[in-house]
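As a plain string of letters, each chain reads:
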Amino acid sequence: MENNYLQKLLTDMGYVEENIFLSLTRRGEMPNQIFRYEYLDYDVIMKIGIKDENGENLGIVRVTEEYLRTVGLDPMQAMQWGYTNCEKKAESLDLEEASARKGGSKGLAGTTGLEKGTPKMYAARCGEEDGGAVVIFLKGYLMNFCRSHGIDKLIIIPSSTMDVVLIDADPEKMDMDVLLNMEREISEQQVEFEHQLDPCVMLYDTADNEVKIIARG
């Protein structure tokens, strides 16, 4: 049955368009990366879900350039589909609520090293798939998040490939070392190795709709 759906991936472009997502992975973990963001220290690849006849997920196919050539799909078009579908599934939760949901599993930590409730923190991801931290590339989502919360500048902690921490705070009033230590604590205590990312602090500014790294571990 899985082979039938693999064949569908090669022949049904409508299925591909609806099921392609971007995914964050550790650099070097996947031998066939197709999109690389060197300045972020991550690789961005795409994945497609395989479903059975009842629509149940069977697994994930990681998309390579060879696959794209096989189906005659333009990589930039596929990338745009990936962004569009990720935008549909992107979500954010209060950090404490997100930590409680995860129950101490891979991803966000239950403690952050910062005083509770100060500043306001959220967890963001793109659905339940691995690589949900690709939300940092979704500028439309970040802009809408900031507008809905009355935020001009948003600090982003890429805590794992699964999700990220969003912090509503003035970056000039935050101690970058504290934030980097928080990220290291999350990685060491609550994130499985294959989902860990290099420590850094990022800033999203609504003024220019850009994400940039402002501190590295």
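Source: prediction; values computed, not measured.

Of the regular secondary structure elements, the protein chain holds seven helices and 10 strands. Here the contacts in the protein chain between residues at least 6 apart in sequence split such that 65% fall between residues at least 24 apart. For the protein chain, the exposed area adds up to about 10,700 Å²; of that, 44% sits on carbon and sulfur atoms.

On to the confidence of the model for the protein chain, then. On average, residues of the protein chain carry a pLDDT of 80, and 78% of them reach 70 or more. Within the model, the stretch residues 103–113 combines pLDDT values under 50 with 35 contacts to residues more than four positions away or in other chains.

The next thing to look at is the pattern of salt bridges. Side-chain pairing between opposite charges can occur once the charged atoms of the two side chains come close. For the coordinates displayed, the defined rule picks out three salt bridges. The partner of K120 in a salt bridge is D94, with the nearest N and O atoms 2.5 Å apart. In this pair, K120 is assigned in strand β6 (residues 120–126) and D94 in strand β5 (residues 90–94), connecting sequence segments 26 residues apart. When its relative accessible area of 24% is taken as the criterion, D94 is described as partly exposed. Residue E210 pairs with K139 through a salt bridge whose shortest N-O separation is 2.9 Å. Of this pair, E210 sits in strand β10 (residues 210–216) while K139 sits in helix α6 (residues 139–149); the two residues are 71 residues apart in sequence, bridging distant segments of the chain. Residue class for E210 comes out partly exposed when judged on its relative accessible area of 38%. Classification of K139 by relative accessible area gives partly exposed; the value is 31%.

With that settled, the discussion passes to the pairing of β10. Within a regular strand, side chains alternate between the sheet's two faces. With six bridges joining them, strand β9 (residues 200–205) and β10 adopt antiparallel strand pairing. Residue pairing for β10: L203 is matched across the bridge by K212. Hairpin connection from β9 to β10: four residues lie between these consecutive antiparallel strands, with N209 at a positive phi of about 55°.

Here the focus is helix α4 (residues 75–89). Here α4 spans 21 Å end to end across 15 residues, near enough to the 21 Å set by a 1.5 Å rise per residue. Of the residues making up α4, those classed as buried are A78, M79, W81, G82, Y83, N85 and C86.

Next up on the list: the nonpolar core. Residues V135, I136 and I156 are the most contacted members of the largest nonpolar core, which totals 45 residues. The contacts of I156, once residues within four sequence positions are left out, are I136, L142, V164, V165, L166, C200, V201, M202, Y204 and V211.

The strand order across the open sheet formed by six strands is β5-β6-β8-β7-β9-β10, and the pairing between neighbours is antiparallel. Strands at the two margins of the open sheet, each flanked by one partner only, are β5 and β10. Direction aside, the axes of adjacent strands within the sheet are offset by 30° on average. The pairing of strand β7 (residues 153–157) with β9 spans four bridges and is classified as antiparallel. Paired with I156 across the strands is M202, a residue of β9. Sitting on the sheet, α4 touches β5 and β6, and the angle it makes with β5 is about 35°.

The next point concerns the environment of Y204. Mapped onto the secondary structure, Y204 falls in strand β9. Taking the C-alpha atoms as reference, Y204 lies 9.7 Å from L166; in sequence the two are 38 residues apart. Ignoring anything within four residues of it in the chain, the contact list for Y204 reads K139, L142, M143, C146, D152, K153, L154, I156, N209, E210 and V211. One polar contact links Y204 to N209, side chain to side chain, over a distance of 2.4 Å.

Parameters and conventions
- Residues numbered from 1 in each chain as written.
- Predicted model: local features only at pLDDT ≥ 70, side-chain atom pairs only at ≥ 80, totals over all residues.
- Heavy atoms only, no water.
- Helix = DSSP H or I, 4+ residues; strand = E, 2+ residues; numbered from the N terminus.
- Contact = heavy atoms within 4.5 Å.
- Areas by Shrake-Rupley, 256 points an atom, 1.4 Å probe, with all protein chains shown as cover.
- pLDDT = per-residue confidence, 0-100.
- Salt bridge = Lys/Arg side-chain N within 4 Å of Asp/Glu carboxyl O.
- Buried < 20%, exposed > 50% of the residue type's maximum accessible area, 1.4 Å probe, protein only.
- Pairing = 2+ DSSP bridges.
- Expected span 1.5 Å × (residues − 1).
- Core = buried A, V, L, I, M, F, W, Y, C linked by side-chain atoms within 4.5 Å.
- Axes fitted to C-alpha atoms, helices over the stretch in contact; angles between N-to-C directions.
- Polar contact = N/O pair within 3.5 Å; in protein donor to acceptor, adjacent residues only side chain to side chain.

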